[in-house]
Amino acid sequence: MEMSTEAFEQLVTDELDLLPDDMVDGLDNVVFVVEDEPEDGSDLFGVYDGVAQTERGQYGFGELPDRIVVFRKQHLLECDTLEDLKDEVHTTLVHEIGHFYGIDDERLHELGWA
């Protein structure tokens, strides 16, 4: 599947807007970023780069924002249709937001978000 960076960024924004308010309202000091691929060459769909809420002590005093990165190329490689792409981006967003809230991969897998 092919899609420009701008179109993919808009799709990620649209999918983020569709997430339930109670999932996104607690996101404090978090930015969402689209990158083409991980620097290490892995096949990740996304990554959470930050300190999970469950591990924070005193927080909010000048720290750089946490980042949730969605990787464009891996999504496009794995998806054949626009609907598949939307579903996969949705799953990636929920998965990485789950990490922000301190949910590990095992529990995300149990919940169907891994």
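Look a little higher up for the structure.
Because the structure is a prediction, the values reported are computed rather than measured.

Student: Could you clarify how one ought to interpret the packing of helix α1 (residues 5-18) against helix α4 (residues 82-100) in this entry?
Tutor: Helices that pack against each other are described as a pair by the angle of their axes relative to one another and the distance between those axes. Running from N to C, α1 and α4 cross one another at 60°; their axes reach a closest spacing of 10 Å. Put simply, α1 runs oblique to α4. Along this stretch, α1 crosses α4, giving a crossing that reads as right-handed. Of the residues in α4, those in contact with F8, L11, V12, E15 and L16 of α1 are L82, L85, K86, V89, H90, L93 and I97. Looking at the contact of α1 with α4 residue by residue, the classes come out as nine nonpolar, one polar and two charged.

Student: In this structure, what is going on with a negative patch on the surface? I would like to understand it.
Tutor: On the surface, D43, E78, D80, D84 and D87 cluster together into a negatively charged patch. Within the fold, D87 resides in helix α4. Given the relative accessible area of 48%, D87 is considered partly exposed.

Student: Would you mind going over the side chain of E96 with me for this structure?
Tutor: Here E96 lies in helix α4. For the buried residue E96, which engages in no salt bridge, the nearest side chain bearing the opposite charge is R67, 11 Å off. In this structure E96 touches G46, V47, Y48 and I68, once residues within four positions along its chain are discounted.

Definitions and cut-offs
- Residues numbered from 1 in each chain as written.
- Predicted model: local features only at pLDDT ≥ 70, side-chain atom pairs only at ≥ 80, totals over all residues.
- Heavy atoms only, no water.
- Axes fitted to C-alpha atoms, helices over the stretch in contact; angles between N-to-C directions.
- Helix = DSSP H or I, 4+ residues; strand = E, 2+ residues; numbered from the N terminus.
- Parallel < 35°, antiparallel > 145°, perpendicular 65-115°, else oblique.
- Left-handed = near helix turned anticlockwise from the far one by under 90°.
- Contact = heavy atoms within 4.5 Å.
- Nonpolar A, V, L, I, M, F, W, Y, C, P; charged D, E, K, R; others polar.
- Patch = residues over 30% accessible without salt bridge, like charges linked within 9 Å, V, L, I, M, F, W, Y side chains within 5 Å.
- Areas by Shrake-Rupley, 256 points an atom, 1.4 Å probe, with all protein chains shown as cover.
- Salt bridge = Lys/Arg side-chain N within 4 Å of Asp/Glu carboxyl O.
- Lys, Arg positive; Asp, Glu negative; His and termini not counted.
- Charge placed at Lys NZ, Arg CZ, Asp CG, Glu CD.
- Buried < 20%, exposed > 50% of the residue type's maximum accessible area, 1.4 Å probe, protein only.

Coordinates in, geometry out; function isn't part of it.
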